[in-house]
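Letter by letter, the chains look like this.
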Amino acid sequence: MEISTLATYHCLAFVWYFFVAYSITHLKTEERPSEVFLYGGQWKYLTVLNLVLQAVFYGVSFLADVLRLIKKLRCAKCVISSRDLLFSVLAFPVSTFVCISFWTLYAYNRELVYPKSLDGVIPLWLNHAMHTAVLPFALLEILALPHRYPTKKKGLILLGFVAFLYISWILWIYSVTGEWVYPLFALFSPPGLAAFFAGSLAIIISFYNFGEFLNRMIWGDSIVILDHKWKGK
């Protein structure tokens, strides 16, 4: 794909995610259902954090495209490295996890993750923007251009660290409010909850590996060629 086309796509994706993140964070709080408590605001939900993550990723991607267009290749190299690390370790696996885990639990029992009372607060289009569209965007990014993945050890350590931070945030909120961010967690005993978190981490790691597999399967040798190209700069 031409750099100018990529720049247009990444700019539009950035604007879209910024708009969606803005929309969800500016819902009228007086209309919130009783099941949704205020502590932590929307920032306690992985879905909302993922929207911010995607906006940052596409913003960095757009910057990389612009730097390549104006021939600032030395700066572009650094930004592209950050873009690829952000996509491989967080943007792709988190988006995939949000989409698949949400709709799986929603089909099983929506009250565990998205109470029916939210339908009167969050428009249908916004629900799908947060929980459905994120996966096609992630897949389209893999199809649009190759990404250089870090070493397996580095990638999994970074992913595990971010997962640890989010789990710690969830547990902190529970220790302060006595309420779980997601009603699902109330069903588990402490050992069961630990097993659930471990299983969720295993799933998101599998999505990381799946993204790496797709990237290699689609782009193959072009990733190696890209590496040599940058090393020669």
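Before going into details, it helps to say that this report is about the structure given with it. Model, not experiment: these values are computed from the prediction.

## Some thoughts on the overall build of the chain
Then, number 1: If you tally the helices and strands in the chain, you get eight helices and zero strands.
Then, number 2: Along the chain, helices (α) and strands (β) appear in the sequence α-α-α-α-α-α-α-α when read from the amino end.
Then, number 3: When each of the 233 residues of the chain is scored for burial, the buried share is 42%.
Then, number 4: Intrachain contacts of the chain at a sequence separation of at least 6 include 81% that bridge at least 24 residues.
Then, number 5: Accessible surface computed for the chain: about 12300 Å², of which carbon and sulfur atoms make up 71%.

## Overview of the environment of Phe97
Then, number 1: For Phe97, the location among the structural elements is in helix H3 (residues 73-109).
Then, number 2: Between the alpha carbons of Phe97 and Leu135 there is a distance of 8.8 Å; along the sequence they are 38 residues apart.
Then, number 3: Apart from residues no more than four positions distant in its own chain, Phe97 is found in contact with Leu46, Phe102, Ser200, Ile203, Ile204 and Phe207.

## Structural notes on the side chain of Asp84
Then, number 1: Within the secondary structure layout, Asp84 lies in helix H3.
Then, number 2: Setting aside chain neighbours within four positions, we find Asp84 in contact with Pro146, His147 and Arg148.

## Looking at the side chain of Asn127
Then, number 1: As for its placement among the helices and strands, Asn127 is situated in helix H4 (residues 124-131).
Then, number 2: A polar contact of 2.6 Å, which involves the side chain of Asn127, links it to the side chain of His131.
Then, number 3: Setting aside chain neighbours within four positions, we find Asn127 in contact with Phe102, Trp103, Tyr114, Ile122 and Thr132.

## Points about the packing of aromatic side chains
Then, number 1: The final tally for this structure, using the stated rule, is 25 aromatic pairs.
Then, number 2: Aromatic side chains Phe87 and Phe92 sit 5.9 Å apart centroid to centroid with 55° between the ring planes, which places their arrangement in the tilted category. With respect to class, Phe87 is no different from Phe92; both count as buried.
Then, number 3: Both rings, one in Phe102 and one in Trp103, keep their centres 4.8 Å apart while their planes meet at 85°; by these two values the pair is edge-to-face.
Then, number 4: Put simply, the rings of Tyr9, Tyr17, Phe57, Tyr58, Phe87, Phe92, Phe137 and Phe210 touch in pairs and so form one group of aromatic residues.

## Some points on the nonpolar core
Then, number 1: One finds Ile122 and Phe185 to be the most contacted residues of the largest nonpolar core, which totals 55 residues.
Then, number 2: Of all the elements in the fold, those that place two or more residues in this core are helix H1 (3-25), helix H2 (46-69), H3, H4, helix H5 (134-144), helix H6 (152-177) and helix H7 (190-219).
Then, number 3: Top contributing element to this core by residue count: H3, with eleven residues.
Then, number 4: Leave out the neighbours within four places in its chain, and Phe185 touches Ile170, Trp180, Leu193, Phe196 and Phe197.
Then, number 5: Grouped together as the second largest cluster of nonpolar side chains are five residues, Ala64, Leu67, Ala76 and Ile80 included.

Rules and cut-offs
Residues numbered from 1 in each chain as written. Predicted model: local features only at pLDDT ≥ 70, side-chain atom pairs only at ≥ 80, totals over all residues. Heavy atoms only, no water. Helix = DSSP H or I, 4+ residues; strand = E, 2+ residues; numbered from the N terminus. Buried < 20%, exposed > 50% of the residue type's maximum accessible area, 1.4 Å probe, protein only. Contact = heavy atoms within 4.5 Å. Areas by Shrake-Rupley, 256 points an atom, 1.4 Å probe, with all protein chains shown as cover. Polar contact = N/O pair within 3.5 Å; in protein donor to acceptor, adjacent residues only side chain to side chain. Phe/Tyr/Trp six-rings, centres within 6.5 Å; stacked < 30°, edge-to-face > 60°. Core = buried A, V, L, I, M, F, W, Y, C linked by side-chain atoms within 4.5 Å.

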